[in-house]
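Structure assessment
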Amino acid sequence: TGRTDAAVALAEASLPLARRCRNELPYAEPVLLGMRAMALRLAGRLVEATTFSESAYALFVPRRSAPGTAVEANSLGLIWLARGRVRTALRFARESAALLRDGDAVGMLAFALAVIAQAAAQAGDARAARAALDELEGTPLGHRNFAVELELARAWLDA
């Protein structure tokens, strides 16, 4: 609804509980961190989004948390894409997809593939963009809101 400041505040207010309940709700923290970064990105607060997402990424890598790392890598892919750094975006989105291919309990592989397709298309690599879209066609969307990124990927490939 465009209420990005409220979304950031809600995510930040919920993080302490998610951290206390990490064993019972292992995906709550990565999802909330990802939602905070998404709200900041959509608000155009790209430097802040980058800082928070890089911090979360650095938190999950040493924990060997594939879901957390995958969520943050995809978030960084989207943020760097918004910042015009398509090759950096592509690297992070590919990392996310690679982790999610090994296990996608959070239902985000299609989302990562859509970001790969967008970044590859914007980088001028139509073959890589098409390959990501082809893989995406056989991958269920974990959430219907991911369809927006899929449509953007198709549009960028067509462009």
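Figured I'd write up the structure that's included with this text.

Parameters at a glance
- Residues numbered from 1 in each chain as written.
- Predicted model: local features only at pLDDT ≥ 70, side-chain atom pairs only at ≥ 80, totals over all residues.
- Heavy atoms only, no water.
- Helix = DSSP H or I, 4+ residues; strand = E, 2+ residues; numbered from the N terminus.
- Rg over C-alpha atoms; globule rule 2.2 N^0.38 Å.
- Buried < 20%, exposed > 50% of the residue type's maximum accessible area, 1.4 Å probe, protein only.
- Contact = heavy atoms within 4.5 Å.
- Areas by Shrake-Rupley, 256 points an atom, 1.4 Å probe, with all protein chains shown as cover.
- Lys, Arg positive; Asp, Glu negative; His and termini not counted.
- Charge placed at Lys NZ, Arg CZ, Asp CG, Glu CD.
- Expected span 1.5 Å × (residues − 1).
- Arc of directions from axis to C-beta.
- Phe/Tyr/Trp six-rings, centres within 6.5 Å; stacked < 30°, edge-to-face > 60°.
- Lys NZ or Arg CZ within 6 Å of the ring centre and 35° of its normal.

The subject of this paragraph is the overall build of the protein chain. Within the protein chain, the regular secondary structure consists of eight helices and zero strands. Of the regular secondary structure in the protein chain, the N- to C-terminal order runs α-α-α-α-α-α-α-α. Compactness check: the protein chain gives a C-alpha radius of gyration of 15 Å against a globular reference of 15 Å for 159 residues, within 12% of the reference. Taking the principal axes of the C-alpha coordinates as reference, the protein chain spans close to 45 × 30 × 25 Å. The buried share among the 159 residues of the protein chain stands at 46%. Intrachain contacts of the protein chain at a sequence separation of at least 6 include 56% that bridge at least 24 residues. Looking at the protein chain as shown, the accessible area adds up to about 8200 Å², and 56% of this sits on carbon and sulfur atoms. For the protein chain, the distance from the average position of its 19 positive side-chain charges to the average position of its 17 negative side-chain charges is 4 Å.

Taking 1.5 Å per residue, twelve residues should reach 16 Å; helix α8 (residues 147-158) reaches 17 Å between its end C-alpha atoms and fits that length. All buried positions along α8 are accounted for by E149, L150, A153 and L157. Buried residues of α8, seen end-on, are gathered within an arc of 105 degrees and therefore sit on one face of the element. For α8, the exposed residues set more than 90 degrees away from the buried face come down to V148 and D158. As for α8, its buried residues are in contact with α2 (28-42), α4 (66-82), α6 (109-122) and α7 (126-137).

Next up on the list: the packing of aromatic side chains. Two measures describe an aromatic ring pair: the distance that separates the ring centres and the angle between the ring planes. A full pass over the atoms with the stated rule returns two aromatic pairs. Geometrically, the ring pair formed by Y57 and F92 is edge-to-face, given 5.6 Å between the ring centres and 90 degrees between the ring planes. Residue Y57 is found in helix α3 (residues 46-63), and its partner F92 is found in helix α5 (residues 86-102); the two are separated by 35 residues along the sequence. Centroid distance F111 to F146: 4.3 Å. Interplanar angle 10 degrees. Geometry classified as stacked. You can see F111 sitting in helix α6 and its partner F146 sitting in the loop between α7 and α8, a full 35 residues away along the chain. You can call F146 buried: its relative accessible area is 12%. Taking the ring centre of F52 as reference, the NZ or CZ of R36 above it sits at 4.0 Å. In this arrangement the basic side chain of R85 is found over the ring face of W80, its NZ or CZ atom lying 4.8 Å from the centre.

Think of an α-helix as 3.6 residues a turn; residues three or four steps apart then line up on the same face. Here α6 is 14 residues long and its end C-alpha atoms lie 20 Å apart, about the 20 Å a rise of 1.5 Å per residue gives. Downstream of α6 by one or two residues, G124 has phi in the positive range, about 85 degrees.

A few words on unusual backbone geometry. Backbone geometry at R64 places phi at a positive 60 degrees, although glycine is not the residue there. With respect to the element layout, R64 can be found in the loop between α3 and α4.

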